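Residue-level structural notes
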Amino acid sequence: MKIILLGAPGSGKGTLAKKISKDFDIPQISTGDLFRAIVKEDSELASKVREIMQSGGLVPDEVTIEIVKERIAKDDCKKGFILDGFPRTVNQAKALEGISQIDTVILVDLANEIIIDRLSARRTCPNCGEIYSVQDNPENVCKKCNSPLIQRDDDKPETIRHRLEVYEQNTSPLINFYSDRIFKVSSAGSPEETYSPVKTFLSEMEGKVE
Ligand code: ADP
Ligand code: ZN
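The model shown is predicted, which means the values in this text are computed figures rather than measured ones.

This paragraph deals with the site of ligand 1. With respect to spatial proximity, 19 residues lie near ligand 1, and among them T31, R36, G57, G85 and R163 are the closest. Contacts to ligand 1 include G57, whose backbone N or O atom sits 2.5 Å from an oxygen atom. The contact in question runs from a nitrogen atom of ligand 1 to an N or O atom on the side chain of R88, over 3.0 Å. When ligand 1 is considered free in solution it has 540 Å² of accessible area, and contact with the protein chains removes 96% of it. Counting residues per element, the shell around ligand 1 draws most heavily on helix 2 (residues 31-39), at 4 residues. Of the residues assigned to the shell around ligand 1, the class counts are 6 nonpolar, 6 polar and 7 charged.

Enumeration over the complete set of coordinates arrives at 2 aromatic pairs. Considering the side-chain rings of F177 and Y178, the 5.0 Å spacing of their centres and the 85 degrees angle between planes classify their relative orientation as edge-to-face. On the numbers, 4.1 Å between centres and 10 degrees between planes, the contact of F183 with F201 is stacked. Taken together, the residues F183 in strand 7 (residues 182-186) and F201 in helix 9 (residues 191-209) connect sequence positions 18 residues apart.

Structurally, S30 is set in strand 2 (residues 28-30). Look at S30 and you get buried, because its relative accessible area is 9%. In terms of polar contacts, S30 uses its side chain to reach the backbone amide nitrogen of D33, at 3.0 Å. In this structure, S30 is in contact with R36 and D84, ignoring residues within four places of it in sequence.

Before going further, it helps to spend a moment on the sheet that holds strand 1 (residues 2-6). Pairing is parallel in the open sheet, where 5 strands are placed in the order 2-3-1-4-7. Only two strands of the sheet have a single neighbouring strand rather than two, namely strand 2 and strand 7. Adjacent strand axes in the sheet meet at a mean angle of 20 degrees when their direction is disregarded. Here 5 bridges tie strand 4 (residues 104-109) to strand 7, and the two strands are oriented parallel to one another. Bridge assignment links D109 to a residue of strand 7, and that residue is S186. Docked against the sheet, helix 9 engages strand 1, strand 4 and strand 7, running at close to 160 degrees with respect to strand 7.

Direction vectors running N to C along helix 2 and helix 4 (residues 61-72) enclose 100 degrees, while the axes themselves pass 11 Å from each other. Our classification of the angle between helix 2 and helix 4 gives roughly perpendicular. Each of T31, L34, F35 and I38 in helix 2 lies in contact with helix 4, whose residues at this interface are V63, T64, I67, V68 and R71. Residues of the contact of helix 2 with helix 4, tallied by class, amount to 6 nonpolar, 2 polar and 1 charged.

Attention shifts here to the nonpolar core. Membership of the largest hydrophobic core comes to 24 residues, with the highest contact counts inside it found for I4, F81, L83, L96, I102 and Y178. Excluding anything up to four places from it in sequence, Y178 contacts I4, P87, A93, L96, E97 and V105.

Coordination of the zinc ion (ligand 2) by the protein involves C125 (SG), C128 (SG), C142 (SG) and C145 (SG), with metal-donor separations of 2.3 Å. Considering all 4 donor atoms around the zinc ion (ligand 2), the spread of angles at the metal, 97 to 123 degrees, places the coordination shape in the tetrahedral class. Read N to C, the donor residues that coordinate the zinc ion (ligand 2) are spaced as C-x2-C-x13-C-x2-C. In this pair, C128 is assigned in the loop between strand 5 (122-124) and strand 6 (131-133) and C142 in the loop between strand 6 and helix 7 (157-171), connecting sequence segments 14 residues apart. C128 gets classed as partly exposed once you look at its relative accessible area, which sits at 39%. Accessibility expressed as a relative area gives 1% for C142, which makes it buried.

Reading guide: rules and limits
Residues numbered from 1 in each chain as written. Chains lettered and ligands numbered in written order. Predicted model: local features only at pLDDT ≥ 70, side-chain atom pairs only at ≥ 80, totals over all residues. Heavy atoms only, no water. Near = heavy atom within 4 Å. Polar contact = N/O pair within 3.5 Å; in protein donor to acceptor, adjacent residues only side chain to side chain. Areas by Shrake-Rupley, 256 points an atom, 1.4 Å probe, with all protein chains shown as cover. Helix = DSSP H or I, 4+ residues; strand = E, 2+ residues; numbered from the N terminus. Nonpolar A, V, L, I, M, F, W, Y, C, P; charged D, E, K, R; others polar. Phe/Tyr/Trp six-rings, centres within 6.5 Å; stacked < 30°, edge-to-face > 60°. Buried < 20%, exposed > 50% of the residue type's maximum accessible area, 1.4 Å probe, protein only. Contact = heavy atoms within 4.5 Å. Pairing = 2+ DSSP bridges. Axes fitted to C-alpha atoms, helices over the stretch in contact; angles between N-to-C directions. Parallel < 35°, antiparallel > 145°, perpendicular 65-115°, else oblique. Core = buried A, V, L, I, M, F, W, Y, C linked by side-chain atoms within 4.5 Å. Donors = N, O, S within 2.8 Å, 3.2 Å for Na, K, Ca; no water. Tetrahedral: all angles 85-135°; square planar, octahedral: opposite > 155°, others 65-115°.

Below you can see the structure in the form of structure tokens.
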């Protein structure tokens with residue numbers, strides 16, 4: 001099954017992707033994670049991407065498309081995959097059409113005010129990537145690997161607003177682009193409440209596509 005997750009930054013795409021990945025045994029491909037790995041390298045591309053991410057802007061389409069293309073070609077994607085954070089522009093979506101046939105697009109829906117609250121409270125483990133909120137983890141230490149948690153630079157309030165604007169401008173047109181394949185779910189509830197209808201939908205769909 002080939003799945004795209006669509007939704008604003010902070011809407012809960014990543015959390016949902018992890019659950020789908022585990023239950024349906026397909027890899028989660030997060031372009032944000034791929035870029036965060038690239039940024040750690042010492043190269044011209046790394047410093048360029050670093051600057052863009054810190055501002056909350058988008059990495060150029062050519063770079064992004066190439067990276068996704070390479071990732072999708074790997075063996076673990078034969079059975080399918082979940083794209084989390086890609087495509088983010090209509091241009092990227094058009095390029096993807098030439099690379100792979102997507103079965104379904106899940107739109108994760110959440111009001112901007114809740115997104116801002118959640119992202120401001122988000123803390124990330126720099127070591128293993130686990131995500132927490134300050135309320136649930138006031139100790140500020142990763143429960144999996146004991147590393148002190150950090151706040152991502154782009155989870156600071158000024159950058160969050162800009163990322164939401166970038167989403168509104170570049171990514172929300174994708175809702176029209178994929179209108180024939182969209183399954184919409186609200187993520188206002190708990191992660192389990194968000195996942196439940198998605199799981200039912202995907203289980204039914206799995207029988208049809210394979
Ligand atoms: P979030 O969804 O929480 O905003 P991500 O981890 O998905 O964050 O992405 C972080 C940053 O990586 C984005 O703000 C952007 O700069 C870059 N990025 C991720 N995916 C893409 C993409 N498909 N196209 C362009 N830039 C991207
Ligand atoms: Zn950790």
